[in-house]
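# Notes for the structure review
Chain residues, written in single-letter form:
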Amino acid sequence: QVQLVESGGGLVQAGGSLRLSCAASGRTFSMYAMGWFRQAPGKERELLVAINWNGGSAYYADSVKGRFTISRENAANTVYLQMNSLKPEDTTVYYCAARKYGSSWLDTNPNAWDAWGQGTLVTVSS
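All of these numbers come straight from a predicted model, not from anything done at the bench. (Residues numbered from 1 in each chain as written. Predicted model: local features only at pLDDT ≥ 70, side-chain atom pairs only at ≥ 80, totals over all residues. Heavy atoms only, no water.)

## Thoughts on the sheet that holds strand β7 (residues 68-73)
Formally: Strands qualify as paired when DSSP identifies two bridges or more between them. Numbering goes from the N terminus for both helices and strands, where a helix is a DSSP run of H or I of at least four residues and a strand is a run of E of at least two. In this analysis an axis means a line fitted to C-alpha atoms, helices contributing only their contacting stretch, and an angle means the value between N-to-C directions, from 0 to 180 degrees.
Overall, antiparallel pairing links the four strands, which are arranged β1-β3-β8-β7 in an open sheet. Both outer strands of the open sheet, β1 (3-7) and β7, are each paired with one neighbouring strand and no more. Neighbour to neighbour, the strand axes of the sheet diverge by 20 degrees on average, direction disregarded. With six bridges joining them, strand β3 (residues 18-25) and strand β8 (residues 78-83) adopt antiparallel strand pairing. Paired with Ala23 across the strands is Thr78, a residue of β8.

If you want it as structure tokens, here you go:
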């Protein structure tokens with residue numbers, strides 16, 4: 001029901017920063033938690049960060065904690081991923097995702113998420 005459009009990927013030098021944006025459209029914005037995944041070739045999508053759309057609760061994977069920050073602008077129905085201290089191993093495709101929830105909002109399994117952006121490529125040069 002919700003549609004997601006990502007932007008902000010590109011090429012950055014190691015140690016640099018990028019900010020990814022995910023704009024959501026639909027009529028049930030407030031029902032969704034939002035998250036960012038990344039997927040290497042042949043691998044399962046990995047949940048990096050997530051945020052409860054209706055509150056301030058957030059999840060950070062150990063691999064990005066302290067470097068990546070998820071934030072939201074609810075009035076604009078937009079979620080951001082601020083990526084700092086980027087490393088070459090961060091190079092891959094990043095996807096925003098939305099998930100309906102009732103009681104428990106967080107699920108690290110990508111199969112539990114309901115809508116996906118098209119993906120945006122982040123390339124970190126060494």
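Now that the structure has been shown, the text picks up again.
## Remarks on the pattern of salt bridges
To keep it simple, the criterion reads: Salt bridges are defined by distance alone: a side-chain nitrogen of Lys or Arg within 4 Å of a carboxyl oxygen of Asp or Glu. Categorising residues by exposure relies on relative accessible area from a 1.4 Å probe, with only protein chains included: less than 20% of the type maximum marks a residue as buried, more than 50% marks it as exposed, and the intermediate range marks it as partly exposed.
Counted under the stated rule, the structure contains four salt bridges. Among the ionic pairs, Asp107 bridges to Arg99, the shortest N-O distance being 3.8 Å. Here Asp107 falls in the partly exposed class, since its relative accessible area comes to 26%. Given a relative accessible area of 11%, Arg99 falls into the buried group. Linked by salt bridges that have partners in common, Arg38, Glu46, Arg67 and Asp90 make up one network.

## Here's the deal with the nonpolar core
Nonpolar side chains in soluble globular proteins generally cluster together in the buried interior. Which entries qualify depends on this criterion: In this text, buried Ala, Val, Leu, Ile, Met, Phe, Trp, Tyr and Cys residues form a nonpolar core when linked through side-chain atoms within 4.5 Å. Should any heavy atoms of two residues lie within 4.5 Å, those residues are considered in contact.
Among the nonpolar cores identified, the biggest contains 28 residues, and Leu4, Met34, Trp36, Phe68 and Met83 are the most heavily contacted of them. For this core, the secondary structure elements donating two or more residues are β3, β4 (32-39), β5 (46-51), β7, β8, β9 (92-100) and β11 (120-125). Take this core: its biggest share by element is four residues, from β3. In this view, Phe68 contacts Leu48, Val49, Tyr60, Leu81, Gln82, Met83, Asn84, Leu86, Asp90 and Tyr94; residues no more than four positions away in its chain are not counted.

## Some remarks on the packing of aromatic side chains
Any two aromatic rings considered together are summarised by their centre-to-centre distance and by the angle between their planes. What counts is decided by this rule: Pairing of aromatic rings covers Phe, Tyr and Trp, the last counted by its six-membered ring, and requires centre-to-centre distances within 6.5 Å; plane angles under 30 degrees mean stacked, over 60 mean edge-to-face, and any other angle means tilted. Two limits define a charge over a ring: the Lys NZ or Arg CZ must be within 6 Å of the ring centre, and within 35 degrees of the ring normal.
Counted according to the given criterion, the structure contains three aromatic pairs. A centroid spacing of 6.5 Å and a plane angle of 85 degrees characterise the contact between Tyr95 and Trp116, whose relative ring orientation is edge-to-face. Placement of Tyr95 in strand β9 and of Trp116 in strand β10 (residues 115-116) is noted, with a sequence separation of 21 residues between them. Exposure remark for Trp116: the relative accessible area of 28% places this residue in the partly exposed category. The rings of Phe37, Tyr95, Trp113 and Trp116 are connected pair by pair, giving a single aromatic cluster. The ring of Tyr95 has Arg45 sitting right over it, with the charged end atom 3.7 Å from the ring centre. Positioned above the aromatic ring of Trp116, the side-chain terminus of Arg45 is 4.5 Å from the ring centre.

The values reported here are purely geometric and, on their own, carry no functional implication.
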